[in-house]
Amino acid sequence: MQRRWLSLLAVAFVLTACSQPVEGVAVAGVPGQAKQFEPCSIPDDAITATGLDPETGSGWMEGIRVKAWTTCGWDGPTTNSWYHFDVLFSIRFTLDEVRQNPAFQNFKDVNLGGRPALEFGLEDMPLDEGCGTSFDTTEGVVMFTLRTSGTASPHGDPCELIRRHTVELSQYFPPSI
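The shown structure was predicted, so the numbers you read here are calculated from the model rather than taken from an experiment.

Here's the deal with the overall build of the protein
1) Next: Each helix and strand in the protein was counted, giving four helices and seven strands.
2) Next: Ordered by position from the N terminus, the helices and strands of the protein form the series α-α-β-β-β-α-β-β-β-β-α.
3) Next: Taking as baseline every contact in the protein between residues at least 6 positions apart, the subset at least 24 positions apart corresponds to 56%.
4) Next: Looking at the protein as shown, the accessible area adds up to about 8500 Å², and 53% of this sits on carbon and sulfur atoms.

Quick look at the structure:
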């Protein structure tokens, strides 16, 4: 679990290093953040249908505020939870900026459920332990990451699993550009 938070904090730092204030209505009391899609608003039954554990859903850790991003994450199936799945959403950034982020590598253009998307490896772990996908929407960019939990060994291909979860949940996000 600690490995997940350290990785998430590292990604948050990299994602916000160049951020600028955003105009709009404040979200959840965070000054300067315009109202944007909240990944934790995805219905529990949709999370359950993917095989993720809806009881583990949570946003940023208490006390952490990242103005440019909203987030939510869930553990894999309760019977064999070897991974954690996170969703981040931003009205500030684009898919091109995700591609330029040094925290991601081995980019591949893919099509996920009819959406042009980007698949990538995570700099802080081998490809067999973590993977990410991202796509632009009419309201901003959504990014998904899947990482092994703690010392758990992968029980499948993280990129194949994240593609499946991305397609299963993509209907809950704003439409593609």
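Concerning helix H4 (residues 158-169)
In an α-helix there are 3.6 residues to a turn, and that puts residues three or four apart on one side.
1) Next: Between its terminal C-alpha atoms H4 stretches 16 Å, which fits the 16 Å expected from twelve residues at 1.5 Å a residue.
2) Next: Looking at the packing, one finds that the buried side of H4 touches helix H2 (44-50), strand E3 (83-90), strand E4 (104-112), strand E5 (115-122), strand E6 (130-137) and strand E7 (140-148).
3) Next: The N-capping residue of H4, defined by a side-chain oxygen 2.9 Å from the backbone nitrogen of Cys-159, is Asp-157.

Concerning the pairing of E4
1) Next: The pairing of E4 with E5 spans seven bridges and is classified as antiparallel. Its bridge partner lying in E5, Val-110 is registered against Ala-117.
2) Next: Here E4 folds back onto E5 in antiparallel fashion, the turn holding two residues, of which Gly-113 has a positive phi close to 60°.

Quick notes on the state of the cysteines
Note on terminology: a disulfide is the covalent bond linking the sulfur atoms of two cysteines.
1) Next: The tally for this structure, following the rule as stated, stands at two disulfides.
2) Next: Disulfide partner of Cys-40: Cys-72, at an S-S distance of 2.1 Å. Its torsion about the S-S bond being 95°, the disulfide of Cys-40 and Cys-72 is classed as right-handed. In this pair, Cys-40 is assigned in the loop between helix H1 (2-16) and H2 and Cys-72 in strand E2 (residues 70-75), connecting sequence segments 32 residues apart.
3) Next: A residue is classified by how much of its surface remains accessible, and Cys-40, at 35% relative accessible area, is partly exposed.
4) Next: In this model, Cys-131 is linked to Cys-159 through a disulfide, with the two sulfur atoms separated by 2.1 Å. Looking down the S-S bond of the Cys-131 and Cys-159 bridge, the torsion is 100°, so its handedness is right-handed. Taken as a pair, Cys-131 in strand E6 and Cys-159 in helix H4 lie far apart in primary sequence, 28 residues in all.

So, the pattern of salt bridges
1) Next: Evaluated as defined, the whole model comprises six salt bridges.
2) Next: Two residues, Arg-92 and Glu-97, come together in a salt bridge whose shortest N-O distance is 3.9 Å.
3) Next: Under the relative-accessibility criterion, Glu-97 is labelled partly exposed at 30%.
4) Next: One salt bridge in this structure joins Arg-99 and Asp-109, with 2.7 Å as the shortest N-O distance. Of the two residues, Arg-99 is situated in helix H3 (residues 95-100) and Asp-109 in strand E4; the sequence distance between them amounts to ten residues.
5) Next: Connected through salt bridges with shared partners, the residues Lys-108, Glu-119 and Arg-163 form a single ionic network.

Focus on the confidence of the model for the protein
1) Next: Of all residues in the protein, 77% have pLDDT values of 70 or greater, and the mean over the chain is 80.
2) Next: Mean pLDDT across the secondary structure elements of the protein bottoms out at H1, with 42, and peaks at E5, with 96.
3) Next: When the criterion is pLDDT under 50, residues 1-34 qualifies, and its contacts beyond four places in sequence or with other chains add up to 60 contacts.

Focus: the sheet that holds E7
1) Next: One open sheet accounts for seven strands, arranged E1-E2-E3-E7-E6-E5-E4; its pairing is antiparallel. Since the sheet does not close on itself, it has two edges, and those belong to strand E1 (53-58) and E4, each with one partner. Each neighbouring strand pair of the sheet contributes to a mean axis angle of 20°, computed without reference to strand direction.
2) Next: In terms of strand pairing, E5 meets E6 through three bridges, oriented antiparallel. Looking at the pairing, Glu-119 lines up with Thr-133 of E6.
3) Next: Against the sheet, H4 engages E3, E4, E5, E6 and E7, with an angle of about 30° to E6.

Conventions we followed
Residues numbered from 1 in each chain as written. Predicted model: local features only at pLDDT ≥ 70, side-chain atom pairs only at ≥ 80, totals over all residues. Heavy atoms only, no water. Helix = DSSP H or I, 4+ residues; strand = E, 2+ residues; numbered from the N terminus. Contact = heavy atoms within 4.5 Å. Areas by Shrake-Rupley, 256 points an atom, 1.4 Å probe, with all protein chains shown as cover. Expected span 1.5 Å × (residues − 1). Polar contact = N/O pair within 3.5 Å; in protein donor to acceptor, adjacent residues only side chain to side chain. Pairing = 2+ DSSP bridges. Disulfide = S-S within 2.5 Å. Buried < 20%, exposed > 50% of the residue type's maximum accessible area, 1.4 Å probe, protein only. Salt bridge = Lys/Arg side-chain N within 4 Å of Asp/Glu carboxyl O. pLDDT = per-residue confidence, 0-100. Axes fitted to C-alpha atoms, helices over the stretch in contact; angles between N-to-C directions.

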